[in-house]
Amino acid sequence: AKSPIKRYLVNVVLAMTAIVLCLILGEGLARLLLNPGDYLAPALLTDQALERKIKPHSAGHDAWGFRNDAVPSKADIVVIGDSQSYGVNAFAGDSWPAVLKKLTEKEVYNMSQGGYGTVQYYYLLKNQAIILRPELVVVGLYLGNDLIETYYMVHDHDYWKSLRKSETSTTDDDFVQKKPVVAEPIDKPFFLGSLRFWLSEHSIIYRLLIHAFEEQMRLLEMKYHLGHDTIISVLDDSDNDLYTGFTPARRLLAVDLTDPRVREGFEITLDLLKEMNEFCAERGI
């Protein structure tokens, strides 16, 4: 007869094995029934011109690394933008380019990624969007950070140094201290951070399990400003089921043209938009 300790260990091993098998089966079914791009965080690759891009076929993205089912041979409309056009916090079918596709019944290709700005829009138009022979190109500008990010993109990457209008370094302490740096908060390491990030990239089951708690946790974090370096204005309207947060101070800094960085980013943005418009006009787009 087995000792109680041995029986206990055998039961633990059997239980753990059953749990692992159920999770594997559940993950497989979830990937068949759900769009991985709506749940999984895609893997990122470094890129000389774009700074970063999504790895092709990662987390439900297409062969070019964008949030579409596939890369078409031709698109009627190409949308180029950042997280607002990508559809962060929305299912792929609820992003505005996807809604535009439903409303117009045209082939709309979404060429957007979070963190992109005017420099990336310019590059994507001339090097990838044109391949799809579109009739219309829509560029989704977000003034909440596009101007300042354009400045940093051309000053932090030698690939784009020809676009610089000044030689001021972004690492010049005297210059940086004149105004708060307008940048998005970067996630900091937390408990079991590496494991949780890995699960977010690879497990739909994990995302489904934590989703119910995520919204409430984010609301509490915003209300009590946990981990934030700027004041967040919170809308907590239970009567209308509206819960969200705004960062007006940061966004107003991003359009403050008395800041030489924002001003230069604005001037570069105007130049690039003009070039993009001329590029399209010459091709009947």
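Residues numbered from 1 in each chain as written. Predicted model: local features only at pLDDT ≥ 70, side-chain atom pairs only at ≥ 80, totals over all residues. Heavy atoms only, no water.

K.L.:
Describe in detail a nonpolar patch on the surface, supporting the description with residues and values.
P.N.:
On the surface, a cluster of nonpolar side chains totalling about 720 Å² of accessible area is made up of Ile5, Tyr8, Leu9, Val12, Met16, Ile19 and Leu23. Val12 sits in the partly exposed class, given a relative accessible area of 34%. (Patch = residues over 30% accessible without salt bridge, like charges linked within 9 Å, V, L, I, M, F, W, Y side chains within 5 Å. Areas by Shrake-Rupley, 256 points an atom, 1.4 Å probe, with all protein chains shown as cover. Salt bridge = Lys/Arg side-chain N within 4 Å of Asp/Glu carboxyl O. Buried < 20%, exposed > 50% of the residue type's maximum accessible area, 1.4 Å probe, protein only.)

K.L.:
Could you give an account of the packing of aromatic side chains, with specific residues and numbers?
P.N.:
Within the structure shown, the criterion is met by eight aromatic pairs. For the ring pair Tyr123 and Tyr159, a centre distance of 6.5 Å and an interplane angle of 75° mean the geometry is edge-to-face. Pair noted here: Tyr123 is in helix H4 (residues 118–127) and Tyr159 is in the loop between helix H5 (146–156) and helix H6 (173–176), with a separation of 36 residues, a long-range link. The exposure class of Tyr159 is partly exposed, given its relative accessible area of 38%. (Phe/Tyr/Trp six-rings, centres within 6.5 Å; stacked < 30°, edge-to-face > 60°. Helix = DSSP H or I, 4+ residues; strand = E, 2+ residues; numbered from the N terminus.)

K.L.:
Provide a residue-level description of unusual backbone geometry, including the pertinent values.
P.N.:
When glycine is set aside, most residues are seen to have a negative phi, and most peptide bonds are trans. For Glu51, which is not glycine, the phi dihedral falls at a positive 80°. Of note, Glu51 is situated in strand S2 (residues 51–54). Glu51 gets classed as partly exposed once you look at its relative accessible area, which sits at 30%. With a phi angle near 65°, His57 is a residue other than glycine that sits in the positive phi range. Mapping His57 onto the fold places it in the loop between S2 and strand S3 (77–81). Owing to a relative accessible area of 61%, His57 belongs among the exposed residues under this scheme.

K.L.:
Lay out helix H10 (residues 260–281) with the relevant residues and their values.
P.N.:
In an α-helix, one turn spans 3.6 residues; hence positions three or four apart end up facing the same way. With 22 residues, H10 extends 32 Å from end C-alpha to end C-alpha; this agrees with the ideal 32 Å at 1.5 Å per step. For H10, the capping residue at the N-terminal end is Asp259, with a side-chain oxygen 2.9 Å from the backbone nitrogen of Arg261. (Expected span 1.5 Å × (residues − 1). Polar contact = N/O pair within 3.5 Å; in protein donor to acceptor, adjacent residues only side chain to side chain.)

K.L.:
Break down the packing of H4 against H5 for me, citing the residues and quoting the values.
P.N.:
Interaxial distance between H4 and H5 falls to 7 Å at its minimum, and their mutual angle equals 75°. With respect to each other, H4 and H5 are oriented roughly perpendicular. Residues Thr118, Val119, Gln120 and Tyr121 of H4 form the contact with H5, whose own contacting residues are Asp146, Thr150, Met153 and Val154. Of the residues belonging to the contact of H4 with H5, the class tally is four nonpolar, three polar and one charged. (Axes fitted to C-alpha atoms, helices over the stretch in contact; angles between N-to-C directions. Parallel < 35°, antiparallel > 145°, perpendicular 65-115°, else oblique. Contact = heavy atoms within 4.5 Å. Nonpolar A, V, L, I, M, F, W, Y, C, P; charged D, E, K, R; others polar.)

K.L.:
Please set out the pattern of salt bridges residue by residue, giving values where relevant.
P.N.:
All chains considered together, the criterion is met by 10 salt bridges. In this structure, Glu107 engages Lys101 in a salt bridge whose closest nitrogen and oxygen atoms are separated by 3.6 Å. Note on Glu107: relative accessible area 29%, which makes it partly exposed. With a shortest N-O distance of 3.3 Å, Arg263 and Glu267 are connected by a salt bridge. Of this pair, Arg263 and Glu267 are both found in helix H10, four residues apart, which corresponds to roughly one turn of the helix.

K.L.:
Requested: an account of the environment of Tyr206, with residues and values cited.
P.N.:
Considering the arrangement of structural elements, one finds Tyr206 in helix H8 (residues 204–223). Judged by its relative accessible area of 15%, Tyr206 is buried. C-alpha separation for the pair Tyr206 and Glu27, spaced 179 residues apart in sequence, amounts to 9.0 Å.

K.L.:
Residue-level account of the environment of Leu252, with values.
P.N.:
By the secondary structure assignment, Leu252 is in helix H9 (residues 248–253). Classification of Leu252 as exposed rests on a relative accessible area of 59%. Spatially, the C-alpha atom of Leu252 lies 9.3 Å from that of Leu143, the residues being 109 residues apart in sequence.

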